[in-house]
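What the coordinates show
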Amino acid sequence: MSSTVYSDTRQKANIALLEVEKGLRSSSIGEQSEAIVQLPSLIDQYPFPILINNAYLKLAEVFRTGSNLLRLHVLKVIQLSERHLNKLTNSDEFLKRINAVTHSNDAVARAIVLRVFGCISAIISERKNVHHSIRRGLESNDMIEVEAAIFAVNRFCQYSKSFSSAMCEKIADMVQGLSTPLEMKLKLISILSHMHHDLHSASQARQLCIQLLSSYASLAFVSTILQTLTKLAVATLVHVSDQLNLLAEYARQDPRRTIRMIALTDLLLLAKKTPHLWDTEMIKLVVQDTESANSGKEAEMLVKVLLTLSNGIIVNKLTPFKDFIRHICYHENLNLAALACGVYVNVTMVMLNSIAQDDDSKHTCQEASELIVSTMAALSCSSQTLQTSIVKVLLNGAVKLSSVSDVGCSVVSTLLYLLPQLNVEDASLMGFAMAAIASTTPAIFSFGDTSSELLSLVQTTTELDSQLLLPLSAVFMALCSRNVDQETGLSFVSLVEPVLLDKLWNGSQDCWLCYRIARQASNMGFHSLACKIYGKLSEKVMVHHYRYWLMSLVQISASQILISQSTSFIGKMVDDLSETSSLLHQAILLMKASSLSSTFPLQFLVLYTSLIDAHVQLVATCVRIQTTSVPSEVVGNSIEKQLQLCVDEFHGLSDNYTDLYSSLFDADPLTLSYIEQYPLQRKQLHVVPKP
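Residues numbered from 1 in each chain as written. Predicted model: local features only at pLDDT ≥ 70, side-chain atom pairs only at ≥ 80, totals over all residues. Heavy atoms only, no water.

A word on the overall build of the protein
Basically, it comes down to this: Each helix is a run of DSSP H or I of at least 4 residues and each strand a run of E of at least 2, with the numbering of both proceeding from the N terminus. Residue contacts are defined here by distance: any two heavy atoms, one from each residue, within 4.5 Å place the two residues in contact.
Regarding its fold elements, the protein presents 33 helices and 0 strands. Look at the contacts in the protein between residues 6 or more apart in sequence, and 69% of them connect residues 24 or more apart.

In structure tokens, the structure reads:
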């Protein structure tokens, strides 16, 4: 079955490529353009190396013989399909056809070639003939070609050590030259951030930028040079200390507010990328600048730097400034206070996790929880516009403090109290924070008052704030999945499920919200709820493809319900597995009829169904062993052959899972690890021969 799906996919890809080739051979430039612009979606749908190589070679031929309009279309296709370049194995032939246009007398054509070189620089970074073409483009008299060459230089310097070292002096001459336009100098200065392949080039680039700071004091030049120096310091890790001092100087002394904010933004970047290189003196300098900040925005940026450092490995260095951070937590600027609360919580958690805990650390923890609670209450009553990231800082602090049993209950009760008073967006974030608390420390939520308060929140949601149903349902599911007492958890589900379904069908008309809740229920193992929502949604959609897709999900959820409710009684187990297999086969047919899913979901469902079928055969064989009353050699040999057939089937499934694993070019690591475990488990099965 799996090989049939593979062959169908290849056949569809070949047919689509033939249609594109037919359009490319047309004499009409409109049909050629239409064929070219279809390629990005085709490559994304069928990312196979054979198809990509054939498509790129055909594009290169069109690029070599076509007009500038077609070349621009080819350039756009390469830009959109840049992430598939690593599958281009025949890069020599592709480059040979593209490079032929560099000898054209048309400056626009040469400029397009240089931009193509820049787009594919990841696979041709060390080609000397391409390096020569780019250097020649920099010396052109046509500004379009020069700008294209600058783009190519910028891309090649990211990958090629030899090219960046060779271009360093050339860029310095052009930047210092009087004939170079100012806008072009800014672009050339930005290229210096890629001179990080060796220490000599990095030092030379930094020295040039420092000289330019004294020569060009305009806003555009200073901001570009500071950002270039910061990126260079992050890449090399050599001049981080010098760059920190330079940025601190500009943030403190420059009279222009824009420059000060750019310097603070770069300080924040260095705090994210290189926190291990910050010393106590530099942190002290940031604290002093926070006290004497010229505006609230600058103070917020400085506290963000402290917050970023407190999330890293040097949070211990912030402990001496605990009193100052606590003082900022009471600031009238709620944004600043919320950020300071995040820093204070991080420092508190370090003190609690230390080996030597004392009364001061417990007092600090209690004070941190009070600060979080009071700041949240102030936010709910304030008319001040808050950024989503700052609200997340407070909620992250609440989640961290919830792990401490002494203060976790007060934090959760405050979240429940404030939830109805916030706007929909902030309330949704708070709901997801409660779901995180429920999944990590469910003991804080008692199935008494807390559960009744949560249930009343679901009952009181209106159509306007129906988005709250998603995070609230996540809280319920996390509590039930983490609940040790299964009976209490099931009774809790029986209370929540009818209310939730009633709100979805009678209150909310947002089908996408309902689908998200159903998908969340499927991920967390609540297949009964997911099955009901998928079934209701399938009745609402008008397009047949969508209805078939939702009906396939209904069958899959129903099959998972049977598996989860299966007992250890072997006769009942055979019936449940057989019915599960029947449901999964129906899901396969419906998924094929939908024509919506990509290749992978169908392949995985086919293999999973085959796995259930193999278990049905294995359990049936075990039933035969159990029901055989009179053992005999003939019956024993027959059972042994059946068991061997079951083992062979499992080994075949293991090989199919391995083939599926190797065919997933763009899958995420979690999906790959999930599929990888099947071959390892099934390979361990074997039949022990009789002595």
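A short note on empty space enclosed by the protein
To be explicit about the condition: The definitions used throughout rest on a 1 Å grid laid over the protein atoms alone, on which a cavity is an enclosed set of points accommodating a 1.4 Å probe that cannot get out and a pocket is an open set flanked by protein within 12 Å on both sides along at least five of seven lines; lining residues are those having an atom within 4 Å of a point. Grid points are joined across faces, edges and corners, and a volume is the space filled by probe spheres set on the points.
Overall, the coordinates contain 2 cavities of 30 Å³ or more when judged by the stated rule. Roughly 50 Å³ of internal volume is contained in the second largest cavity. Lining the second largest cavity are Thr102, Arg110, Val113, Leu114, Ser133, Arg136 and Glu145. For the lining of the second largest cavity, the elements supplying multiple residues, two or more each, are α7 (107–119) and α8 (128–138).

Overview of unusual backbone geometry
Even without being glycine, Leu237 reaches a positive phi, approximately 60°. Note on placement: Leu237 falls in the loop between α13 (219–236) and α14 (240–253).

Some words on the pattern of salt bridges
Test applied: Salt bridge, as applied in this entry: a Lys or Arg side-chain nitrogen positioned within 4 Å of an Asp or Glu carboxyl oxygen.
Under the definition given, this model contains 13 salt bridges. For Glu61, the salt bridge is made with Arg64, and the minimal N-O distance between the two is 2.5 Å. On the criterion of helical spacing, the pair formed by Glu61 and Arg64 is a turn pair, its members being 3 residues apart in helix α4 (residues 49–65). One continuous salt-bridge network, built from bridges that share partners, spans Glu61, Arg64, Glu93 and Arg97.

Quick word on the nonpolar core
Here is the rule: Nonpolar cores are built from buried Ala, Val, Leu, Ile, Met, Phe, Trp, Tyr and Cys residues. Side-chain atoms within 4.5 Å join them into one set. Here the term buried applies to any residue with accessible area under 20% of the maximum for its type, exposed to any over 50%, and partly exposed to those in between, with areas from a 1.4 Å probe on protein chains only.
Membership of the largest hydrophobic core comes to 161 residues, with the highest contact counts inside it found for Phe94, Phe117, Val153, Ile171 and Trp278. Of all the elements, helix α19 (residues 334–353) adds the most residues to this core, at 13 residues. Residues within four places of Ile171 in sequence aside, it is in contact with Val153, Leu188, Ile191, Leu192 and Met195.

Things to note about the layout of surface pockets
The criterion, for reference: Gly is put with the polar residues, along with every residue not named as nonpolar or charged; the nonpolar set is Ala, Val, Leu, Ile, Met, Phe, Trp, Tyr, Cys and Pro, and the charged set is Asp, Glu, Lys and Arg.
Space inside the second largest pocket adds up to approximately 910 Å³. Around the second largest pocket, the lining comprises 22 residues; the ones closest to its centre are Ser522, Asn523, Leu553, Ile556 and Phe604. Secondary structure elements with two or more residues in the lining of the second largest pocket: α27 (511–523), α28 (527–540), α29 (544–564), α30 (570–594), α31 (599–627) and α33 (669–682). Partitioned by chemical class, the residues of the lining of the second largest pocket number 15 nonpolar, 6 polar and 1 charged.

Some points on the packing of aromatic side chains
Which entries qualify depends on this criterion: Any two of the Phe, Tyr and Trp rings considered here, Trp counted by its six-membered ring, make a pair once their centres fall within 6.5 Å; the pair's planes then place it as stacked at under 30 degrees, edge-to-face at over 60, or tilted in between.
The tally for this structure, following the rule as stated, stands at 5 aromatic pairs. Look at Tyr515 and Tyr534: their rings are 6.1 Å apart centre to centre, the planes differ by 55°, and that puts the pair in the tilted class. On the criterion of sequence distance, the pair formed by Tyr515 in helix α27 and Tyr534 in helix α28 is long-range, its members being 19 residues apart. Its relative accessible area of 17% is what places Tyr515 among the buried residues. According to the relative accessible area criterion, Tyr534 is buried, its value standing at 4%.

A few points about the packing of helix α12 (residues 199–215) against α14
We count it as follows: Convention adopted: a line fitted to C-alpha atoms gives each axis, helices being fitted over their contacting stretch, and angles between N-to-C directions are expressed from 0 to 180 degrees. For classification purposes, an angle smaller than 35 degrees is called roughly parallel, one larger than 145 roughly antiparallel, one from 65 to 115 roughly perpendicular, and anything else oblique. When the near helix sits turned anticlockwise from the far one by under a right angle, the crossing is termed left-handed; a clockwise turn instead gives a right-handed crossing.
Relative to each other, α12 and α14 sit at 15°, their axes nearing to 13 Å. By the criterion of interaxial angle, the relationship of α12 to α14 is roughly parallel. For the crossing formed where α12 meets α14, the hand is left-handed. Every residue of α14 that contacts α12 at Arg206, Ile210 and Leu213 is listed here: Asp242, Gln243, Leu246 and Tyr250. For the contact of α12 with α14, the per-class residue count stands at 4 nonpolar, 1 polar and 2 charged.

Points about the environment of Met261
Along the chain, Met261 turns up in helix α15 (residues 257–273). Put simply, Met261 and Glu298 are 37 residues apart on the chain and 6.7 Å apart in space, counted from C-alpha to C-alpha. Sequence-distant contacts of Met261, that is, excluding residues within four places in its chain, are made with Lys297, Glu298 and Met301.

Details of a nonpolar patch on the surface
Put simply, the test is: Only residues above 30% relative accessible area that lack a salt bridge enter a patch, with like-charged residues linked at up to 9 Å and the nonpolar side chains Val, Leu, Ile, Met, Phe, Trp and Tyr linked at up to 5 Å. The protein chains shown are the only cover counted for residues, whose accessible areas, like all others here, come from Shrake-Rupley with a 1.4 Å probe.
A cluster of nonpolar side chains, contributed by Met542, Val543 and Tyr546, occupies part of the molecular surface with about 350 Å² of accessible area. In this fold, Val543 is placed in the loop between α28 and α29. For Val543, a relative accessible area of 38% puts it in the partly exposed group.

Structural notes on the packing of helix α5 (residues 68–80) against α7
Two elements in contact, α5 and α7, have axes whose closest approach is 10 Å; the angle formed by their N-to-C orientations is 10°. The orientation of α5 relative to α7 falls into the category roughly parallel. Residues Asn68, Arg71, Leu72, Leu75, Ile78 and Gln79 of α5 lie in contact with α7, whose contacting residues are Val108, Ala109, Ile112, Arg115, Val116 and Cys119. Of the residues belonging to the contact of α5 with α7, the class tally is 8 nonpolar, 2 polar and 2 charged.

Regarding helix α10 (residues 161–176)
For clarity, the threshold we go by: To estimate how far a helix should extend, the number of its residues minus one is multiplied by 1.5 Å. Bend angle per residue: angle between axes fitted to the 7 residues ending at that residue and the 7 residues starting there.
An ideal rise of 1.5 Å per residue puts 22 Å on 16 residues; α10 measures up with 23 Å between its terminal C-alpha atoms. By the largest-angle criterion, Met167 marks the main kink of α10, which is about 35°. Along α10, the residues that are buried comprise Phe163, Ser164, Met167, Cys168, Ile171, Ala172, Met174 and Val175. Looking at the packing, one finds that the buried side of α10 touches α8, α9 (143–159), α11 (182–191) and α12.

What to know about the confidence of the model for the protein
What counts, and what does not: Confidence of the predictor at the level of single residues is given by pLDDT, which spans 0 to 100.
When the pLDDT values of the protein are averaged, the result is 81; 84% of them are 70 or greater. The secondary-structure element of the protein with the lowest mean pLDDT is helix α26 (residues 486–507), recorded at 61, while α7 shows the highest, at 93.

Notes on the environment of Cys381
Inspection of the secondary structure puts Cys381 in helix α20 (residues 359–381). Relative accessible area serves as the criterion here: at 68%, Cys381 is assigned to the exposed category. Along the primary structure Cys381 and Leu418 are separated by 37 residues, whereas in three dimensions their C-alpha atoms are 9.8 Å apart.

Focus: the environment of Ala436
Relative to the helices and strands, Ala436 resides in helix α23 (residues 424–440). Expressed as a C-alpha distance, the spacing of Ala436 and Lys400, which sit 36 residues apart in the sequence, is 9.9 Å.

Some words on the side chain of Thr609
Summarising the element assignment, Thr609 is placed in helix α31. For Thr609, the contacting residues outside a window of four places in its chain are Ser581, Leu584, His585 and Ile588.

Points about the state of the cysteines
Going by this rule: Disulfide: a pair of cysteine sulfur atoms within 2.5 Å of each other.
Counting across every chain of the model gives 0 disulfides. Cys157 takes part in no disulfide bond, and the closest cysteine sulfur, belonging to Cys168, lies 8.7 Å away. Of the cysteine sulfurs around Cys329, a residue in no disulfide, the closest is that of Cys341, at 3.9 Å.

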